[in-house]
There are 2 protein chains.
Amino acid sequence: MFNAFCKKPLWECARALADVAHGRRPADVVVKGARLVNVCTAEVQDGADVAIAEGRIAYVGHADQCIGPDTQVVDARGCYIAPGFLDGHVHAESSMVGAGEFARAVVPHGTTGIYWDPHEVCNVLGLEGVRAMLEDARRTPLKAMVTTPSCVPAVPGFEDTGAVIGPEDIAETMAWDTVVGLGEMMNFVGVVNGAEQPHAEMAETLKAGKVVTGHYASPDVDRGLNAYVASGVRCCRESTRAEEALAKMRLGLYTQLRFSSAGRDLPQLAAAVTSGAVDTRFACLVTDDVHPHELVEDGHMDRVLREAVRCGIDPVTAVQMVTINTAQCFQMDHELGSIAPGKCADIVFLEDLRDFRVLRVMIDGVVVAEEGVPTFRLEAFAYPEWAVRSVHVRGEVTPASFTVPLPDDVQARDGRVTVRAIEVAPGSISTKEAHVEVEVRDGAIQADPAHDVLKAFVFERHRATGQVGCGFVRGFGIQRGAMASTVAHDAHNLFVVGTNDEDMALAANALIACGGGQVVMADGEVLALVELPIAGIMADVAAEEASCAVHELERAWHELGCAIPAPFMTMAFIPLARLPELCLTDRGLVDCTTFRFAPLLVGE
Amino acid sequence: MFNAFCKKPLWECARALADVAHGRRPADVVVKGARLVNVCTAEVQDGADVAIAEGRIAYVGHADQCIGPDTQVVDARGCYIAPGFLDGHVHAESSMVGAGEFARAVVPHGTTGIYWDPHEVCNVLGLEGVRAMLEDARRTPLKAMVTTPSCVPAVPGFEDTGAVIGPEDIAETMAWDTVVGLGEMMNFVGVVNGAEQPHAEMAETLKAGKVVTGHYASPDVDRGLNAYVASGVRCCRESTRAEEALAKMRLGLYTQLRFSSAGRDLPQLAAAVTSGAVDTRFACLVTDDVHPHELVEDGHMDRVLREAVRCGIDPVTAVQMVTINTAQCFQMDHELGSIAPGKCADIVFLEDLRDFRVLRVMIDGVVVAEEGVPTFRLEAFAYPEWAVRSVHVRGEVTPASFTVPLPDDVQARDGRVTVRAIEVAPGSISTKEAHVEVEVRDGAIQADPAHDVLKAFVFERHRATGQVGCGFVRGFGIQRGAMASTVAHDAHNLFVVGTNDEDMALAANALIACGGGQVVMADGEVLALVELPIAGIMADVAAEEASCAVHELERAWHELGCAIPAPFMTMAFIPLARLPELCLTDRGLVDCTTFRFAPLLVGE
């Protein structure tokens, strides 16, 4: 039952801990005189010492008896200490760096453990990719606890991914010492309707005594939600209203209030825990996805705590929501989530409980960050060749590849046709279906940049099958140039949007050449390029560097006339058939409300 | 990972539950219109329906869609429903009936699950005895979840028991589907001092991913308590002051506030949870030991709840303390402890949240008690011959067996000597050491009933070794007759106390003849006899009948001049070397503060 996340199992060091607590043996480390955020009783205890040995907490109180000549004494007077922050649901890949670099970026912000659903990398590279990421993460002190991706592909039958995960894969990974559960079961419709595959995946997880994590994104908090919870799902990070969050807590579902780059739900949800009228043990805080520039500039779990308190959540309650509540959700509270004897010595030193400025971070009793800087060394990780050469498009991509032919049986009227266009909105990852009239020239349907109608193409890029989907998007507001991205949820195929076929071809080829990334191209020139060679979705540089590159990218978009914040993010979600209303995959346009392919031409 | 306590594992019925929740399949049972005690959010929700299928909860809300022609609809308007009560720590044997009868007695009081440390039967019959008890329990709907006894014998080297439990036995039982953890680790001194055997037992439990339950009975809530908790103990039912209880909660130790027949600690402890200043998730309520007459007359967990509310604990908080908190303590909250989708349909129907009168009890969706009466049939259980013939004393017990010879090297002074006597006090299970002068006649030390000094003898009765310990007791206040008991903690040897050797011999022989029990004898006549043939500590009759017999026994004690309430209980704890101050085992007098044998004669 031991997992990979503690320095030593308790049963191998319990006697040593008893010796230290009792003063018969000196501690390795003693933290002196802190204001202890006690998440067990929701109190702040002044003047607390913590004695540590073998990576675990041996004693909490006045620890003079634990100090020997070789004991490292850490003065904590004037600051708060809290249990290491746990992110109850995160896709580390969204921060666009490798797992080791992700750890290096989040640990200084107090994050000592993550419940990580690596479904982005898994869509591209399968379980082998997850293993490679874990190898990378394992070099760092961060406790990277995996929930095996459950929905790969996200919407079977509507897209082509680099891997397919089924119940046998789930069963296999449940034996990994790094796996603590099943990744977010996005196919909530299937679960609610009793579909075989999702239930089989959940069954394998439950049989292994592990936790099924959830994603229930329907406003129906009655029958549908009950059916979902009754199926064995233990937590859910998909709520948009406080009433939804409260309904979930009432059904004993751990309710993860999200504050992510793409979904800033926390302010809308905070009322579920600020009323003072309910027990908040079923509420947690999670990040889900954090883009590299936000990670670098705003932080990680410390930022979520700051936001929680700003939303009126009691600071100690907020700390419980990233420590003991999360540990209890995963039934790992005997190891993690509190500063108490026997637990892993994962401790965050804080300036206060409002800004949550992190002064120092300890994992397994070792200081791993000081004043925002990691103290552990991390060499670049050599991802294997198959992981960094993952863009495989069939044939050559040329301007001609971006022709949208008018079907033989369709007649243009006055040289024009009406097409279904995907309409994007600033700051949203959902889309609308728009009907727009565009020109037909030489038997091909044209873009109309003057009216903000751009061509969009998705090229299958995992097995070079030659599968291509095409359509139109509206709302980006660019007048010239083209953009391409291999970050294109969740299949991460090669997605190209543009005003003209030449720039589109150049953009596509730029990414094919560098192994994936995001690019902005205009008039035959690269305006900005973010190289993401790891699985085509992550950079092999530090988060700070990735953040700069992403800034450059955004600047380039804006230079072309786009006014949307983080437009590459909006673009990256267009292929995700899990989001309403209309999406484009390598197999074509998908109506995401009915889950049917949609014809490009209206009236067809 | 499935345990023996649910009708069906969730993964085998999740799809059926989803069907029911969604209204595609009728429920087996629908509870209509209840006031739901929601222990997840600590709220009372009015007008709640609960739909049940496959023994589990499928839906909570307005369940009309779940009702089909064959659905059993249970009208719950006007009453409260709460999750089935869990007793977080109990020795069922203390109720002096077999496990099946115990279930029959407690289930109508709302107790649907017990965390049972069967260390009484284990001291007599070993793990085979535990297995037999489990066979008996398994015939009932009560969820009898075992924690394997850790301290058998209670004080090694000072007493002879019928069995000895070591780390290998612990390891073996951790594979049983009925075992959820390790029984109360009473050897807290050994744990704190890093002794090998208790740590080895705990290690086997932790390796199996199960829970170590505790018994920390020292006022040292600093170093000793920290050492104990750091060793991996998860709960403790041994607190006598609110500050102790709070100190334990602060260290993340589940703190079990006890209200037992022998230890009514709850009123002294309630302040730990009534302040409103602390999170109470680490507080639970337990019974520990309930004597049969109290069980029959006052109830079980319903009685503890009543007492908790009387002590000022908020009723919903109190219900949490016997449901979700206990389930979380044992990391079984995914199965038990809340009325939420997916959980076992263990539901108590209550008249109110003050008197906690139990109207109806449901386990796994089946009504198992109505208005205090079990609705399940239970035939007498045939315990095997070795279990009901467990009293094996060497040779014949005669009046001469009760001679206390003056040692050859001791001279009486004026025909008198000073002995160490065990002084008992009303309503206490602890003793004091008294020094009293008694007469020596014909080379033998005499009792002195006129001054309330009685002889006391403990005969080894498991393997007929002939080991006998003798001493004197003071404080029972009887003038004539004798008492014997094979309920004599924890070794349960044959314990005899009396004013004269003839009645003592008759009392001993009465119990040898009937396979064990408790008897009061005077002037050669049996005044009262409680036959306890199962392991010599439990009756093979219903709890009501056992209760009557125990009443008769008490009446007989009082007839002989004893004024102590439940004196047979006071007597039964005299051989327990775990309690201060002086005790008598089959090996002799033990000083329980220093753990040394004590000479009978003072100054020797």
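In this text, all values refer to a predicted model and were calculated from it rather than measured experimentally.

(A) Expanded view of the overall build of chain A. When helices and strands are counted, chain A shows 18 helices and 30 strands. A compact globule built from 604 residues should have a C-alpha radius of gyration of about 25 Å, and chain A, at 25 Å, falls within 12% of that. Here the C-alpha coordinates of chain A stretch approximately 90 × 50 × 45 Å along the principal axes. By the burial criterion, 68% of the 604 residues in chain A qualify as buried. Considering only residue pairs separated by 6 or more positions, chain A has 68% of its internal contacts joining residues 24 or more positions apart. With 49 positive and 83 negative side-chain charges, chain A shows a spacing of 5 Å between the two charge centroids.

(B) The packing of helix 7 (residues 223-230) of chain A against helix 1 (residues 10-22) of chain B, seen in detail. Packing of helix 7 of chain A against helix 1 of chain B leaves a shortest axis separation of 8 Å and a crossing angle of 175°. Overall, the two elements helix 7 of chain A and helix 1 of chain B adopt an arrangement that is roughly antiparallel. Only B:Leu10, B:Ala14, B:Leu17, B:Ala18, B:Ala21 and B:His22 of helix 1 of chain B make contact with helix 7 of chain A, whose side of the interface consists of A:Arg223, A:Gly224, A:Asn226, A:Ala227 and A:Ala230. For the contact of helix 7 of chain A with helix 1 of chain B, a count of residues per class yields seven nonpolar, three polar and one charged.

(C) Fine view of the interface of chain B and chain A. Each partner contributes residues to the interface: chain B has 64 residues there, and chain A has 64 residues. A buried area of about 5,400 Å², summed over both sides, lies between chain B and chain A, and 53% of it is on carbon and sulfur atoms. Linking chain B to chain A there are four salt bridges. Two residues, A:Asp333 and B:Arg234, come together in a salt bridge whose shortest N-O distance is 2.7 Å.

(D) Expanded view of the sheet that holds strand 12 (residues 254-258) of chain B. All names here are of chain B. Taking strand neighbours across the sheet as the criterion, the eight strands line up as 6-7-8-9-10-11-12-13 in an open arrangement whose pairing is parallel. Strands at the two margins of the open sheet, each flanked by one partner only, are strand 6 (85-90) and strand 13 (283-286). Strand-to-strand, the axes of this sheet are offset by a mean angle of 30°, without reference to chain direction. Relative to strand 7 (residues 111-116), strand 6 runs parallel, the two sharing four bridges. Across the sheet, the residue bridging to Val-90 is Trp-116, located in strand 7.

(E) Quick peek at the pairing of strand 2 (residues 43-53) of chain A. Residue and element names in this part refer to chain A. Here strand 1 (residues 29-38) runs beside strand 2; their pairing, made up of seven bridges, is antiparallel. Within the sheet, the bridge partner assigned to Val-29 lies in strand 2 and is Ile-52. Here strand 1 folds back onto strand 2, and the loop between the two strands holds four residues, one of which, Ala-42, carries a positive phi near 60°. The antiparallel hairpin formed by strand 2 and strand 3 (residues 56-61) contains two residues in its connecting segment, where Glu-54 sits at a positive phi of about 55°.

(F) Structural view of the side chain of B:Thr326. Residue and element names in this part refer to chain B. With respect to the helices, strands and loops of the structure, Thr-326 is situated in helix 14 (residues 324-329). Relative accessible area serves as the criterion here: at 1%, Thr-326 is assigned to the buried category. When neighbours within four sequence positions are excluded, Thr-326 is seen to be in contact with Leu-86, Gly-88, Tyr-115, Cys-284, Gln-320 and Met-321.

(G) Fine view of helix 17 (residues 543-559) of chain A. Residues and elements named next belong to chain A. Over its 17 residues, helix 17 extends 24 Å from the first C-alpha to the last, a length consistent with the 24 Å expected when each residue adds 1.5 Å. Within helix 17, the full set of buried residues consists of Ala-543, Ala-546, Ser-547, Val-550, Leu-553, Glu-554, Ala-556 and Trp-557. Contacts made by the buried residues of helix 17 are with helix 2 (99-106), helix 11 (292-298), strand 24 (482-485), strand 26 (517-522), strand 27 (525-531) and helix 18 (567-573). Looking one or two residues beyond helix 17, the residue adopting positive phi is Gly-561, at roughly 110°.

(H) Quick peek at the sheet that holds strand 29 (residues 588-591) of chain B. On the basis of which strands lie adjacent, the open sheet formed by three strands has the order 28-29-30 (chain B) and antiparallel pairing. The sheet is open, and its two edges are formed by strand 28 (582-585) and strand 30 (596-597) of chain B, each paired on a single side.

(I) Broad picture of the side chain of A:Thr147. Residue and element names in this part refer to chain A. Along the chain, the position of Thr-147 falls in strand 8 (residues 143-148). According to the relative accessible area criterion, Thr-147 is buried, its value standing at 1%. Residues contacting Thr-147, with those up to four places away along its chain left out, are Trp-116, Asp-117, Pro-118, Val-180, Gly-181, Leu-182, Gly-183, Thr-213 and Phe-330.

Reading guide: rules and limits
- Residues numbered from 1 in each chain as written.
- Chains lettered and ligands numbered in written order.
- Predicted model: local features only at pLDDT ≥ 70, side-chain atom pairs only at ≥ 80, totals over all residues.
- Heavy atoms only, no water.
- Helix = DSSP H or I, 4+ residues; strand = E, 2+ residues; numbered from the N terminus.
- Rg over C-alpha atoms; globule rule 2.2 N^0.38 Å.
- Buried < 20%, exposed > 50% of the residue type's maximum accessible area, 1.4 Å probe, protein only.
- Contact = heavy atoms within 4.5 Å.
- Lys, Arg positive; Asp, Glu negative; His and termini not counted.
- Charge placed at Lys NZ, Arg CZ, Asp CG, Glu CD.
- Axes fitted to C-alpha atoms, helices over the stretch in contact; angles between N-to-C directions.
- Parallel < 35°, antiparallel > 145°, perpendicular 65-115°, else oblique.
- Nonpolar A, V, L, I, M, F, W, Y, C, P; charged D, E, K, R; others polar.
- Buried area = accessible area lost by both parts, 1.4 Å probe.
- Salt bridge = Lys/Arg side-chain N within 4 Å of Asp/Glu carboxyl O.
- Pairing = 2+ DSSP bridges.
- Expected span 1.5 Å × (residues − 1).

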